[in-house]
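Examining the three-dimensional arrangement
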Amino acid sequence: MVATPIGNLGDLSARAGQTLREVAAICAEDTRRTRTLLAHLGIDTPTLPLHEHNEEAMAARLVARLAAGESLALVSDAGTPLVSDPGFRLVRAARQAGIRVSPVPGPSALVAALSAAGLPSDRFVFEGFLPAKAAARRERLAALAGESRTLIFYESAHRIVESLADLRAAFGDARRAVLARELTKLFETVLDGSLSALQAAVEADADQRKGEFVLLVEGAGEDAGAVLAEGRRVYALLSAHLPPSSAARLAAEITGAPRKALYRVGTD
Ligand code: SAM
């Protein structure tokens, strides 16, 4: 399992280079992209496509090659394989077949972002990408509003504005957050502030909506957690007599909890 750079090619480790040179073949999410990286490194090891659409079918063939004594590498387009990237099924199949699976660690956007964010890092949750559909995304965020650990999300340029707005609605204006953009690349920026300040910064500057993003949000402190719990208790009482939207609005007004975090009472 070979980690590759998330932008800056200087981040490829010596051992990653050596491994990619020595294996019989390199399984790659996008063989064209990987061949560009290999050309840059002067490596001509053959590549094989392994992506989410063929992984199930390829796993058995690759395990047979490994069982026959071949050594294979797996890389993704960028960063560490399996982290919001293909490979889990192959690794599981290989391990079940008694084949040694060994990591060649290196860059991953989530760890890079966490290391530069200045948010509590002793405990954190990686949520990967939020759901693409607005309703599912809001439901997921409502379920996470009381989470006390630092939250880490991956996000793409075309959804960053909506996701920030939904985060703000679910977690409240004041929750601290960090937006890490284009890490290790020319236009790297790491913005920190309240969710409302970050949303305003991204809406005001089109450049801040370009590229690749890791979004980190500080966990709910004890106070925020207690306010949310109280908001949900009041919502549960009111919703027995009122429509959900009125119950949530009133419970939010009474307790100060973010309104959108109240709808999922009793389900998480
Ligand atoms: N396997 C990769 C890793 O270890 O980080 C992640 C792959 S995932 C398909 C791609 C997402 O990772 C992007 O949409 C973005 O959220 C994040 N990402 C990758 N490179 C990044 C970078 N240089 N700066 C910020 N985020 C990045």
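Before any of the text, the structure's been laid out above.
Residues numbered from 1 in each chain as written. Predicted model: local features only at pLDDT ≥ 70, side-chain atom pairs only at ≥ 80, totals over all residues. Heavy atoms only, no water.

Here we come to the packing of helix α6 (residues 134-144) against helix α7 (residues 160-171). Two quantities define a packed helix pair, namely the angle between the axes and the distance from one axis to the other. Interaxial distance between α6 and α7 falls to 9 Å at its minimum, and their mutual angle equals 40°. Viewed along their axes, α6 and α7 adopt a mutual orientation that is oblique. As α6 runs across α7, the sense of the crossing is right-handed. Along its contact with α6, which presents Arg137, Arg138, Leu141, Ala142 and Leu144, the element α7 presents Glu162, Ser163, Asp166, Leu167, Ala170 and Phe171. (Axes fitted to C-alpha atoms, helices over the stretch in contact; angles between N-to-C directions. Helix = DSSP H or I, 4+ residues; strand = E, 2+ residues; numbered from the N terminus. Parallel < 35°, antiparallel > 145°, perpendicular 65-115°, else oblique. Left-handed = near helix turned anticlockwise from the far one by under 90°. Contact = heavy atoms within 4.5 Å.)

Further remarks concern the sheet that holds strand β5 (residues 150-156). Neighbouring strands of a sheet are bound in pairs by backbone hydrogen bonds; such pairs are parallel or else antiparallel. The five strands are arranged β4-β5-β8-β6-β7 in an open sheet whose pairing can be described as mixed. Here the strands that pair on one side only, and so sit at the sheet edges, are β4 (124-129) and β7 (189-194). The average angle at which neighbouring strand axes cross in this sheet is 15°, direction not considered. Pairing geometry for β5 and strand β8 (residues 212-217), over six bridges, is antiparallel. By the bridge assignment for β8, phenylalanine 153 is matched with leucine 215. (Pairing = 2+ DSSP bridges.)

The next point concerns the layout of surface pockets. As a volume, the largest pocket reaches approximately 810 Å³. Residue lining of the largest pocket: 35 residues in total, with Ile6, Arg33, Asp77, Ala78 and Glu212 positioned closest to the centre. Where the lining of the largest pocket is concerned, the elements lending two or more residues are α2 (31-41), β5, β6 (176-181) and β8. For the lining of the largest pocket, the element with the highest residue contribution is α2, accounting for five residues. For the second largest pocket, the calculated volume is near 420 Å³. Ser71, Leu72, Arg100, Val101 and Ser102 are, among the 21 residues lining the second largest pocket, the residues nearest its centre. Broken down by secondary-structure element, the contributors of at least two residues to the lining of the second largest pocket are α1 (14-22), β3 (72-75) and α4 (88-96). Grouping the amino acids of the lining of the second largest pocket by side-chain chemistry returns 14 nonpolar, four polar and three charged. (1 Å grid on protein atoms, 1.4 Å probe; cavity = no way out; pocket = protein on both sides within 12 Å on 5 of 7 lines; lining within 4 Å. Points joined across faces, edges and corners; volume = space filled by probe spheres on them. Nonpolar A, V, L, I, M, F, W, Y, C, P; charged D, E, K, R; others polar.)

This next bit is on the packing of helix α9 (residues 222-238) against helix α10 (residues 244-255). Closest axis-to-axis distance for the α9/α10 pair is 8 Å, and the angle between their directions is 140°. The orientation of α9 relative to α10 falls into the category oblique. The two elements α9 and α10 cross, and the hand of that crossing is right-handed. Along the contact surface, α9 presents Val227, Glu230, Gly231, Val234, Tyr235 and Leu238, while α10 presents Pro244, Ala247, Ala248, Leu250, Ala251, Ile254 and Thr255.

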